[in-house]
Amino acid sequence: MNRTPVYIVCSPRPRVGKTLVSRLLAEYLDLENKYTTAFDINLNDPSLIDYLPKLAETASIDDTIGQMQLMDQLIANDGAPKVIDLGFHAFDSFFKMADEIGFAKEAERRGVDVAILFIPDRDRTSQRAWGMLQDKFGNATLVPVNNEQVLLGEIPPWLPADLLDIALLPGFLKTYIDRNTFSFNSFLRTSPDRSSELYQWILNCFVRFRELGVQLTQRRR
Amino acid sequence: MATKPAVIVVGADKGGVGKTTVSRTVLDYFSANNVPTRAFDTEAPRGTLKRFHPTITEIVDVTSTPDQMKIFDTLNTAKASVTVIDVRAGLLSPTLAALRDIGFLDAARSGQITFAVFHILGPSIASLDEIAETANFMSGAKYFLVKNFINNTSFFEWDQATYNSYFHKIKDATELTIPKLNEMAYEQVEVASVPFLKFVANKGQRDESANYSFVLRGYVRHWLGNVWGEFDRIKLTDIVGKDKGGVPTKTTE
């Protein structure tokens, strides 16, 4: 039976690179699969939709109707990979709601593979949030993400050794990819120099995501 | 040895406090625990409980002698060992008085029948006066005071000290709490007119598959689990004669 991956990119901390990872992942999945959907759950400042207006839509979990619209799509085994950019304001309420309605169990039953990409900071809030995810969502694939821009090479001892690494980019390249009009896929397609730092950086990220996809598939076997 | 018949009265003198909702959770609980149960809905002629549990519910007028006979004269002969009576608003005290008059309360006191009352408390101070009134009939019965928060976030207008002063007057009363259920989930179950358990299982009235929202089903399952946790805590199945060895009641199939 075909299974559908759902990636939840999250952190209880602001400005740790959630939208960057969501953009990269959504564009990678779009390259592999033409039916990718991304959801932007940022209460104050939705931004994924600015980068990916064709792939992303905004979602809200503030009220029951919003929760129904989002979660009923997330548990659909429709073959379309989904990426959720979960803003830090919504972290607690999303996972509380997901736990309460039995999201992980229902997803498993319906053939939906849930991967939670957790981007930690080095603070206690991140540590507590990681503990909560391990406690409540142990059935899902938990993927701690080492955004070198945030952790700067110091991996907190409460995290496992194998993290999904997002390498540090020089400031000028970071500014370049932060433009709303920038597309990773377009850059890969049109870049004349495959040895450039940005090209290699995007390629590395995509290779990590492919490995994650393989890991999700193998976990089922 | 045949199981002793058990009668559970769910009532309050005030209306709109969730009597039928609690009755529905009790019926679902017994269904999940394979306890044969029948129900009587005293909201004649229109019965809300019957709408949700039509196959096991009969509408009766509990103040009429023929219907009293229908309920109480059949306790030992009915296939179901448990009888749940959803008493409509304003009839709890008259019903208990009628039970006293026909000797039912004496039979409960002497151990021939298991008798339990779920007294649903409303937010007003009048509910506290009801406790004192109802308590007069409770000798020989298991008496449960149910704080029903299902539709309200902040519920009781009386303070805890006042409540305690009433609560402690009653010997052996046990307190139960029904937590709040998401409003939209509650409404959808109402619209679907199915037992909570069928809603959770995504089934219609005739067991056909339905298309209820996963989110709403999740909220109902979580809530029902908490309600049943309360019923497990008071050992409701033990009370009606079925020992399930302390195993928690699950809200999933």
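What you are looking at is a predicted structure, and each value in this text was computed from that prediction instead of being measured.

Asker: Any details on the overall build of chain B? Residues and values, ideally.
Answerer: Counting secondary structure elements, chain B contains eleven helices and seven strands. Scaling as 2.2 N^0.38, a compact globule of 253 residues should have a C-alpha radius of gyration of about 18 Å, and chain B matches this with 17 Å. The C-alpha extent of chain B, read off along each of the three principal axes, is 50 × 45 × 40 Å. Among the 253 residues that make up chain B, the fraction classed as buried is 44%. Of all intrachain contacts in chain B linking residues separated by at least 6 positions in sequence, the fraction that spans at least 24 positions is 76%.

Asker: Could you give me a rundown of the packing of helix α3 (residues 64–74) of chain A against helix α10 (residues 214–233) of chain B, with the residues and numbers involved?
Answerer: To characterise two packed helices, one gives the angle between the axes of the helices and the distance between these axes. Between α3 of chain A and α10 of chain B, the shortest axis-to-axis distance is 8 Å and the interhelical angle comes to 110°. With respect to α10 of chain B, the axis of α3 of chain A lies roughly perpendicular. Seen from α3 of chain A, the contacting residues are Thr 64, Gln 67, Met 68, Met 71 and Asp 72 of chain A; seen from α10 of chain B, they are Phe 214, Val 215 and Leu 216 of chain B. Classifying every residue of the contact of α3 of chain A with α10 of chain B gives five nonpolar, two polar and one charged.

Asker: Please give an account of helix α1 (residues 19–32) of chain B that cites residues and values.
Answerer: Residues and elements named next belong to chain B. End to end, α1 covers 20 Å across 14 residues, agreeing with the expected 20 Å (1.5 Å per residue, within 8%). Counting buried positions over the 14 residues of α1 gives twelve, a clear majority of the element. Listing the buried residues of α1 in full gives Lys 19, Thr 20, Thr 21, Val 22, Ser 23, Arg 24, Thr 25, Val 26, Leu 27, Asp 28, Tyr 29 and Phe 30. The first or second residue beyond α1 is Asn 34, which carries a positive phi of 55°.

Asker: Would you mind going over the interface of chain A and chain B in detail, with residue names and values included?
Answerer: With ten residues of chain A at the contact, the number on the chain B side is ten residues. Counted by class, the side of chain A that touches chain B contains four nonpolar, three polar and three charged residues.

Asker: Before we move on, can you summarise helix α8 (residues 183–192) of chain B with the specific residues and values?
Answerer: The α-helix advances 3.6 residues per turn, and as a result positions three or four apart in sequence lie on the same side. All names here are of chain B. The complete set of buried residues in α8 reads Ala 185, Gln 188 and Val 189. Across the axial projection of α8, the buried residues extend over an arc of 100°, all falling on one side. Of the exposed residues in α8, those oriented more than 90 degrees away from the buried face are Glu 183 and Val 191. Residues of α8 that are buried make contact with α9 (196–200) and α10. A positive backbone phi angle near 55° is found at Ser 193, which sits one or two residues after α8.

Asker: I'd like a rundown of the sheet that holds strand β5 (residues 112–118) of chain A, residues and numbers included.
Answerer: All names here are of chain A. One open sheet accounts for seven strands, arranged β3-β2-β4-β1-β5-β6-β7; its pairing is parallel. Sheet topology places β3 (56–58) and β7 (164–166) at the edges, where each strand pairs with a single neighbour. Shown here is a sheet whose adjacent strand axes are inclined to one another by a mean of 25°, direction ignored. Two strands pair when backbone bridges link them, and strand β1 (residues 4–10) and strand β4 (residues 82–86) are joined in this way by five bridges, in the parallel orientation. Residue pairing for β4: Val 6 is matched across the bridge by Lys 82.

Here is what the cut-offs are and how they apply
Residues numbered from 1 in each chain as written. Chains lettered and ligands numbered in written order. Predicted model: local features only at pLDDT ≥ 70, side-chain atom pairs only at ≥ 80, totals over all residues. Helix = DSSP H or I, 4+ residues; strand = E, 2+ residues; numbered from the N terminus. Rg over C-alpha atoms; globule rule 2.2 N^0.38 Å. Buried ≥ 20, exposed ≤ 12 C-beta atoms within 10 Å, placed from the backbone. Contact = placed C-beta atoms within 7 Å. Axes fitted to C-alpha atoms, helices over the stretch in contact; angles between N-to-C directions. Parallel < 35°, antiparallel > 145°, perpendicular 65-115°, else oblique. Nonpolar A, V, L, I, M, F, W, Y, C, P; charged D, E, K, R; others polar. Expected span 1.5 Å × (residues − 1). Arc of directions from axis to C-beta. Pairing = 2+ DSSP bridges.

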